[in-house]
Amino acid sequence: EAQVTQNPRYLITVTGKKLTVTCSQNMNHEYMSWYRQDPGLGLRQIYYSMNVEVTDKGDVPEGYKVSRKEKRNFPLILESPSPNQTSLYFCASSLGSGLTDTQYFGPGTRLTVL
Amino acid sequence: DQQVKQNSPSLSVQEGRISILNCDYTNSMFDYFLWYKKYPAEGPTFLISISSIKDKNEDGRFTVFLNKSAKHLSLHIVPSQPGDSAVYFCAASVYSGGSNYKLTFGKGTLLTVNP
């Protein structure tokens, strides 16, 4: 089954404790992206990757890092999480970043930073 | 500055009636528009899209209308079913260089279809 998987689905952590949210897709997609969803703000892009070893900032990249060492994986790293990073996070992938390339989303990771 | 606006946070409709979800945008360079549907505890899923050169696209019970002069699009669901209850995100795509396009999402509208 074609899918985007994220782990963990739920995470409660404390300020400053480094964490990684994993994202994996099995569709051989080149383009991958991370979004956060906050009440009243919709989906905002954090980082994206056009292909292996090619990453770039989205609209809200502060406090996050990503890496793309393999085509299928695109982990999101919070080196020193803060309470304002409490959010619902979605990973997405698509064949490319062309006009009609549909993005497929993972199930989401709900992160709470205390 | 929000380029894609969904001004109604929520909408409640009776089963069998029409649901109309609205979306306004400010960037005249948007080339392509999409609607995504999101159920609780799941990621958004693609629903329907429309190119900027068209004014209507239909897929079963779902129709998207685009009015470029008004920078407005709408999603019509007819007839509405309780299973349509979800958050609907409007999204728009703009050229960002090379062969790449960037997607911008609205805030979402929660649709509730009552039996």
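Scroll up to find the structure.
The rules behind each value
Residues numbered from 1 in each chain as written. Chains lettered and ligands numbered in written order. Predicted model: local features only at pLDDT ≥ 70, side-chain atom pairs only at ≥ 80, totals over all residues. Heavy atoms only, no water. Phe/Tyr/Trp six-rings, centres within 6.5 Å; stacked < 30°, edge-to-face > 60°. Helix = DSSP H or I, 4+ residues; strand = E, 2+ residues; numbered from the N terminus. Buried < 20%, exposed > 50% of the residue type's maximum accessible area, 1.4 Å probe, protein only. Disulfide = S-S within 2.5 Å.

Caption draft 1: A look at the packing of aromatic side chains. If you walk through the whole model with that rule in mind, you get 14 aromatic pairs over all chains. Judged by centre distance (5.5 Å) and plane angle (40°), the rings of tyrosine 35 of chain A and phenylalanine 105 of chain A are tilted. Taken as a pair, tyrosine 35 of chain A in strand E4 (residues 31-38) and phenylalanine 105 of chain A in strand E10 (residues 104-105) lie far apart in primary sequence, 70 residues in all. With centroids separated by 6.4 Å and ring planes inclined at 90°, the aromatic side chains of phenylalanine 89 of chain B and phenylalanine 105 of chain B adopt a geometry described as edge-to-face. Here the residue phenylalanine 89 of chain B occupies a position in strand E9 (residues 86-97), and phenylalanine 105 of chain B occupies one in strand E10 (residues 100-105), the gap between them amounting to 16 residues. Classification of phenylalanine 89 of chain B as buried rests on a relative accessible area of 0%. A residue is classified by how much of its surface remains accessible, and phenylalanine 105 of chain B, at 4% relative accessible area, is buried. Taken together, the ring pairs in this structure connect Tyr35, Phe90 and Phe105 of chain A together with Tyr36, Phe46, Phe89 and Phe105 of chain B into an aromatic cluster.

Caption draft 2: The arrangement of the state of the cysteines in detail. Residues and elements named next belong to chain B. In this structure the tally under the stated criterion is 2 disulfides over all chains. Linked covalently through their sulfurs, cysteine 23 and cysteine 90 form a disulfide whose S-S length is 2.0 Å. Negative torsions about the S-S bond denote left-handed disulfides, and the value of about -75° found for cysteine 23 with cysteine 90 makes this one left-handed. Taken together, the residues cysteine 23 in strand E3 (residues 19-25) and cysteine 90 in strand E9 connect sequence positions 67 residues apart. Cysteine 90 carries the same exposure label as cysteine 23, and that label is buried.

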